[in-house]
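Here's the letter readout for the chains.
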Amino acid sequence: MRAPVNRIIPFSNVDGPGNRTAVFFQGCPFNCLFCHNPETIHLCRGCGVCVETCPAGALGFDGDGKVVWDREKCVGCDTCIKVCPHDASPKVRWMTVEELMQELRRCIPYIDGITTSGGECTLRNEFLIELFTEVRKLGKTCLIDSNGSFNFEADPRVLAVSEGVMLDVKAVEQEWSDTLISHPRELVLKNLDYLLGVGKLQEVRTVIFPGRDRENAETVRYVAGHIGPTCPYKIIRYRPFGVREKYQKLLGEFETDKEYAERFAALARELGASKAFVV
Ligand code: SF4
Ligand code: SF4
């Protein structure tokens with residue numbers, strides 16, 4: 001079994017508690033307007049646009065017409081990402097669990113655990129189960145960073161081999177959700193309750209957008225009313241960096257003001273989410 005790995009960050013202190021290795025998988029069923037890494041949304045379609053433009057000759061085709069990336073030649077300029085018309089990346093490695101473990105073992109002595117992210121890592125559920133099983137044998141923790149599109153109640157096996165999920169609740173109000181994430185939000189909200197109920201909700205995150213008083217407040221009220229005092233609630237300021245230009249026009253070309261975001265953290269705490277804080 002292989003899974004498409006977009007990137008591995010050996011040491012991260014923003015992907016869960018402690019020092020962690022973060023593994024980003026390629027592919028996501030959502031198309032969030034505010035996505036900071038839109039090149040992780042789709043798998044490469046082999047159109048070849050990036051192959052033509054790579055200044056280092058690091059991209060080519062294999063015999064089956066698939067794009068091949070030469071890591072040794074790559075100079076990391078990201079021209080390929082900028083020119084891709086399909087929100088994809090040619091710099092993806094289809095790795096086995098063992099290949100990934102070989103890279104992780106170098107970090108293991110220095111980390112508390114790993115966090116899998118994306119894209120949406122739960123698209124690779126079977127791979128995660130195998131990966132987490134191996135990581136846990138080394139005494140390290142495993143966290144899932146998820147958009148909530150996976151039905152954890154229907155298939156809880158990955159929860160049994162992990163510490164739990166850091167869940168994005170991006171939008172609650174229907175129209176705003178349809179606009180923002182282009183995906184039904186019902187399963188996300190169901191996962192919020194389910195994960196909380198089984199003790200596997202590690203953290204909830206909501207992005208606060210400038211000037212969206214009603215939409216921001218509805219999401220924060222909903223989450224705070226559900227999670228109570230024990231679960232950390234990260235109120236994230238919207239930042240336009242990395243967001244596709246056409247969507248910056250809709251969402252805002254400037255980051256959310258800190259004081260504005262603090263208002264929503266205060267609201268969450270008033271409603272019982274004592275561990276709400278702004279980042
Ligand atoms: S980042 Fe992309 S375009 Fe730049 S050298 Fe590497 S493969 Fe080529
Ligand atoms: S990464 Fe994008 S531009 Fe490059 S071949 Fe794939 S789909 Fe085309």
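Residues numbered from 1 in each chain as written. Chains lettered and ligands numbered in written order. Predicted model: local features only at pLDDT ≥ 70, side-chain atom pairs only at ≥ 80, totals over all residues. Heavy atoms only, no water.

Visitor: Can you help me understand unusual backbone geometry in this one?
Guide: When glycine is set aside, most residues are seen to have a negative phi, and most peptide bonds are trans. Put simply, G118 and G119 share a cis peptide bond, and its omega is 10°. Within the element layout of this structure, G119 appears in the loop between β6 (113-117) and α4 (125-137). Positive phi, close to 65°, is recorded for D78, a residue that is not glycine. Structurally, D78 is set in the loop between β4 (67-69) and α2 (79-83). The class for D78 is partly exposed, based on a relative accessible area of 32%. Its identity as a non-glycine residue notwithstanding, D87 has a phi of 50°, on the positive side. Here D87 shows up in the loop between α2 and β5 (93-96). (Helix = DSSP H or I, 4+ residues; strand = E, 2+ residues; numbered from the N terminus. Buried < 20%, exposed > 50% of the residue type's maximum accessible area, 1.4 Å probe, protein only.)

Visitor: For this particular structure, what's the right way to read helix α6 (residues 174-181)?
Guide: Note on helix geometry: an α-helix contains 3.6 residues per turn, so any two residues three or four positions apart are oriented the same way. Those residues of α6 not exposed but buried are W176, S177, L180 and I181. For α6, the buried positions fall inside an angular range of 100° around the axis, keeping them on one side. Here the buried face of α6 lies against α8 (213-227) and α9 (245-251). S182 lies just past α6 and shows a positive phi near 50°. (Arc of directions from axis to C-beta. Contact = heavy atoms within 4.5 Å.)

Visitor: Help me understand the packing of aromatic side chains, please; the structure alone is not making it clear to me.
Guide: The description of two aromatic rings rests on the distance between their centres and on the angle between their planes. Taken as a whole and assessed by the stated rule, the structure comprises 7 aromatic pairs. Ring centres of F209 and Y238 lie 5.4 Å apart, and the angle between their planes is 40°; on these two criteria the pair is classed as tilted. Note that F209 is positioned in the loop between β9 (201-208) and α8 and Y238 in the loop between β10 (233-237) and α9, a separation of 29 residues in sequence. Each of the two residues, F209 as well as Y238, counts as buried. Through successive ring pairs, a cluster of aromatic residues spans F34, W176, F209 and Y238. Above the plane of the ring of F24 lies R7, whose end atom (NZ or CZ) is 4.6 Å from the centre. (Phe/Tyr/Trp six-rings, centres within 6.5 Å; stacked < 30°, edge-to-face > 60°. Lys NZ or Arg CZ within 6 Å of the ring centre and 35° of its normal.)

Visitor: What should I look at first to understand the domain arrangement of the protein chain in this one?
Guide: A common measure of how large an interface is: the accessible area buried when the components associate. You can read the domains of the protein chain as domain 1 (2-40 + 93-278) and domain 2 (49-83). Taking the mean C-alpha position of each, domain 1 and domain 2 sit 29 Å from one another. (Domains from an automatic or database assignment.)

Visitor: Mind showing me how you'd approach the site of ligand 2 here?
Guide: Around ligand 2 lies a shell of 13 residues, among which C44, C47, G48, C50 and C84 are the nearest. Looking at the shell around ligand 2 residue by residue, the class counts come to 8 nonpolar, 4 polar and 1 charged. (Near = heavy atom within 4 Å. Nonpolar A, V, L, I, M, F, W, Y, C, P; charged D, E, K, R; others polar.)

Visitor: Explain the packing of helix α7 (residues 186-197) against α8 to me, please; I cannot follow it from the model alone.
Guide: Packed helix pairs are characterised by how far apart their axes lie and by the angle those axes make with each other. Put simply, α7 and α8 touch, their axes get as near as 10 Å, and they point 20° apart. On the basis of their axis angle, the class for α7 and α8 is roughly parallel. Relative to α8, α7 is oriented so that their crossing is right-handed. On the side of α7, the interface is formed by L189, L192, D193 and L196, while α8 contributes Y222, H226 and I227. Per-class residue counts for the contact of α7 with α8 are 5 nonpolar, 1 polar and 1 charged. (Axes fitted to C-alpha atoms, helices over the stretch in contact; angles between N-to-C directions. Parallel < 35°, antiparallel > 145°, perpendicular 65-115°, else oblique. Left-handed = near helix turned anticlockwise from the far one by under 90°.)

Visitor: Looking at this structure, I do not really get the pairing of β9. What am I missing?
Guide: Judged by how many residues are buried, β9 sits mostly within the fold: 7 of 8 residues are covered. Relative to β9, strand β8 (residues 164-168) is paired through 4 bridges, and the arrangement is parallel. Residue V165 lies in a different strand from β9, and its bridge partner there is L201. Two strands pair when backbone bridges link them, and β9 and β10 are joined in this way by 5 bridges, in the parallel orientation. (Pairing = 2+ DSSP bridges.)

Visitor: For this particular structure, what's the right way to read the nonpolar core?
Guide: Counting residues in hydrophobic clusters, the biggest one holds 72 residues, and the most contacted among them are L131 and Y233. By size, the runner-up hydrophobic cluster in this structure holds 7 residues, among which are C50, C54, A58 and V67. (Core = buried A, V, L, I, M, F, W, Y, C linked by side-chain atoms within 4.5 Å.)

Visitor: Which parts of the structure should I look at to understand the pattern of salt bridges?
Guide: Any two side chains of opposite charge can pair, so long as their charged atoms come close to each other. Inspection of every chain in the model, using the stated rule, returns 22 salt bridges. For the salt bridge of R157 with E126, the shortest nitrogen-to-oxygen distance reads 2.5 Å. Within this pair, whereas R157 is found in helix α5 (residues 157-160), its partner E126 is found in helix α4, the two being separated by 31 residues in sequence. Classification of R157 as partly exposed rests on a relative accessible area of 39%. One salt bridge in this structure joins D145 and R205, with 2.5 Å as the shortest N-O distance. Placement of the pair is D145 in strand β7 (residues 141-146) and R205 in strand β9, with a sequence separation of 60 residues. Of the residues examined, D145 reaches a relative accessible area of 11% and is grouped as buried. Residue R205 is classed as buried on the basis of its relative accessible area of 9%. Salt bridges sharing common partners tie together D145, D168, K170, E203, R205 and K234. (Salt bridge = Lys/Arg side-chain N within 4 Å of Asp/Glu carboxyl O.)

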